[in-house]
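Take a look at the letters that make up each chain.
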Amino acid sequence: MFRKEVYAERRNKLKSMVKEGIILILGNVDVPMNYPANIYKWRQDSNFLYFFGLDYPQMAGIIDVDSGDEYIFGNDVSLDDIIWMGPQPSTAELAQQVGVEHTMPWPGLREKIAEAFDKGRKIHFLPPYRAENKILMESLLGINAHNQKTQASEELIKAVVKLRSVKDEYEIAELEKVMDTAWLMHTTAMKMAKPGVYEREIAGTIEGIALSAGGMLSFPAIVTRRGETLHNHYHGNKLEKGDLLLVDAGAETPLHYASDHTRTSPVGGKFSPMQKDIYEIVLRAQNKAIEAIKPGITNLSVHLKAAQVLAEGLKDLGLMKGDISAAVQQGAHALFMPHGLGHMMGLDVHDMEDLGENYVGYDDEVKRSDIFGTAFLRLGRAYQPGFVLTVEPGCYFIPALINKWKSEGKFSEFINYEKVESYLDFGGIRIEDDILVTENGHRVLGRHIPKTVAEIEEIMQ
Ligand code: GLY
Ligand code: MN
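Residues numbered from 1 in each chain as written. Chains lettered and ligands numbered in written order. Predicted model: local features only at pLDDT ≥ 70, side-chain atom pairs only at ≥ 80, totals over all residues. Heavy atoms only, no water.

K.L.:
Sorry, what's going on with the sheet that holds strand E7 (residues 123-125) here?
P.N.:
In sheet architecture, strand pairing relies on hydrogen bonds along the backbone and comes in two forms, parallel and antiparallel. With mixed pairing, 5 strands are arranged side by side in an open sheet as E6-E5-E4-E1-E7. The sheet is open, and its two edges are formed by strand E6 (102-104) and E7, each paired on a single side. The average angle at which neighbouring strand axes cross in this sheet is 25°, direction not considered. Against the sheet, helix H5 (residues 107-118) contacts strand E1 (22-26), strand E4 (59-64), strand E5 (70-74), E6 and E7, and its axis sits at roughly 150° relative to E1. Docked against the sheet, helix H6 (residues 131-141) engages E1 and E7, running at close to 150° with respect to E1. (Pairing = 2+ DSSP bridges. Helix = DSSP H or I, 4+ residues; strand = E, 2+ residues; numbered from the N terminus. Axes fitted to C-alpha atoms, helices over the stretch in contact; angles between N-to-C directions. Contact = heavy atoms within 4.5 Å.)

Here it is as C-alpha cells:
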C-alpha cells in the first residue's frame, strides 16, 4: 500500500469535486468458479483500491461529502475463519492504515445507506460491473441491475476519471516496477518461439513470470500464431517454422498497476521478406505515433497519423492505392487495422473502462467517430501530463473481413483486393508499448523490449 496520506489526499480531492451527498464505493467479493468455496483468483475493485487501498474482499467505503466523514465497512473474522485463513487484521486496523477514522461491521452499510435515503440525500455510486455487486446495489438502493449504469452518478464518474487519469509520482513508480516483469515475460516468449513448441507452453511460462513477481496477469494473455484474431485466447496450437507468434500480455504489481505490451516474433528466429515488409510498416506507424505524443495533442489525431503511415506503407507494397489521406479519412485502412491505437492504463489495463469508455476517452472537444475502425478508438481526447496510455498499431489479414469487403466492392478505389488475397494466410502483427505523457513530451515506460527486426532476430538466436 501507499502511505495513508496518499489515500486521504485522493479522498479529499474527490470530496472537493462532488457537490453534496454521500459517495458509495463498493469493493469486490470473492467469486465462485465451480462451487461456492472454490473461487477465481481474487481481484479488488480498482476504484476501491484507488481511494481506500485495501486489498481484501467484502469491504465498502462511504465518503460523506457534507460532513467530511469517511467510513469503511467490513466483517472482522471469527475464530472459525481464523482456523481456515489464519489471523487477520481487524477492519479498524486496516482502516487506520489508509487514514479512515470510522469503521462499521458489514451490515452497517445497509443502515448508513437507508439513513441517507430516508433523509433524501443524494447517494452517488459508480456503475457496478460484477453480478455480485449489481445484486448488492439493487438490494441497497432498489435500482434494478439493468438500470444501474444509467442511474450511476455522472458527477462522481467524471470526478473519478479526472483524478485517476493523471498518475501521481507513486503510481508512476509502481508502473515502472511492473515494466521489469513485462520485459522478462516478452523476452522469454521470444526465446521460446521455436518450431514444435505449443502456444500454451509459452502462455504458461509468462503467466508464471507474472505470478512469481508477486502480482498476476493484467488480462488473459494473447499468445498466438493466428494474430489476425485480435483477442485470440486459444493457446492450443503448435508453432511451425514460418509462423508469426503474436504475444500481447501484461502483468500487475502487487498493488495492481498494469503493463500491456505486444510483440510479434518469427517462429524459428528469422522474418521472411514478406513478414519483414509488413513488420517495418507497423513499426514505423508505432514510432511515428509515439514521437507525436505531448500534452495538448489529441490521441485521435495520433491514431489517424499512425493509420496514415500504415496506409502509405501498404500503398508502397501495392496493397492499397489512390489518395491515402482520403482513404484514412473514410476508414479504408481499417480493413488492415480494425481497432484503435490504444487506451489509458493504470490500475486497470484498460483504465477505468468500468466507468464508461466515453467518459474516459472522450470529452466536449473530442467526440467518438462513427466510422468502422476509428470508432473503436478507446481514447480520443487530448493528452495531459501524467496520462499513461498504450500505443499499439497493427496490421492484420482477416479472411472473413477481406472476403466481405471484396464481395461488396467496398473501398475498391483504395484497396487492391487481388494483391490482398495473396496475403490471406499471413496472420497479424501488432507492436505495443506503454507511454507516460510528461510536461513537455513523453517517455516510453520500462526497459526496452526488443522491437526492431534486428533486435528480435538477435534475441531469438
Ligand atoms: N492488450 C489487450 C488490449 O489492449 O485490448
Ligand atoms: Mn493494449
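K.L.:
Looking at this structure, how should I read the site of ligand 1?
P.N.:
Taken together, the residues surrounding ligand 1 are Phe219, His231, Asp248, Asp260, His343, His350 and Glu392. Asp248 places a polar side-chain atom, nitrogen or oxygen, 2.9 Å from a nitrogen atom of ligand 1. One of the side-chain nitrogen or oxygen atoms of His350 is found 2.9 Å away from an oxygen atom of ligand 1. Classifying every residue of the shell around ligand 1 gives 1 nonpolar, 3 polar and 3 charged. (Near = heavy atom within 4 Å. Polar contact = N/O pair within 3.5 Å; in protein donor to acceptor, adjacent residues only side chain to side chain. Nonpolar A, V, L, I, M, F, W, Y, C, P; charged D, E, K, R; others polar.)

K.L.:
Please explain the coordination of the manganese ion (ligand 2) as it appears in this structure.
P.N.:
In an ideal octahedron of six donors the angles at the metal are 90 or 180 degrees, and in an ideal tetrahedron of four donors they are 109.5 degrees. Distances from the manganese ion (ligand 2) to its protein donors, namely Asp260 (OD), His343 (NE2), Glu392 (OE) and Glu432 (OE), fall within the range 2.1 to 2.3 Å. When the donor residues of the manganese ion (ligand 2) are listed from N- to C-terminus, their spacing reads D-x82-H-x48-E-x39-E. Residue Asp260 is located in the loop between strand E11 (251-252) and strand E12 (261-266), and its partner Glu432 is located in the loop between strand E15 (428-430) and strand E16 (433-437); the two are separated by 172 residues in the primary sequence. The same class applies to Asp260 and to Glu432, which are both buried. (Donors = N, O, S within 2.8 Å, 3.2 Å for Na, K, Ca; no water. Buried < 20%, exposed > 50% of the residue type's maximum accessible area, 1.4 Å probe, protein only.)

K.L.:
Even after reading the chapter, I still don't get the pairing of strand E10 (residues 244-249), so can you show me in this structure?
P.N.:
Working note: regular strand, side chains alternate between the two faces of the sheet. Taking burial as the measure, the 6 residues of E10 include 6 buried ones, the bulk of the element. The two faces of E10 match: Leu244, Leu246 and Asp248 on one face and Leu245, Val247 and Ala249 on the other face are all buried. As paired strands, strand E9 (residues 222-224) and E10 are joined by 3 bridges and run antiparallel to one another. Pairing of Ile222 across the sheet is with Asp248, part of E10.

K.L.:
Mind showing me how you'd approach unusual backbone geometry here?
P.N.:
Excluding glycine, residues mostly have negative phi values, and the peptide bonds linking residues are mostly trans. A positive phi angle, near 55°, is found at Gln58, a position not held by glycine. Take Gln58: it is sitting in the loop between helix H2 (46-52) and E4. Unusually for a residue other than glycine, Met352 sits at a positive phi of about 65°. Within the secondary structure layout, Met352 lies in the loop between helix H13 (324-330) and helix H14 (357-361). Of the residues examined, Met352 reaches a relative accessible area of 0% and is grouped as buried.

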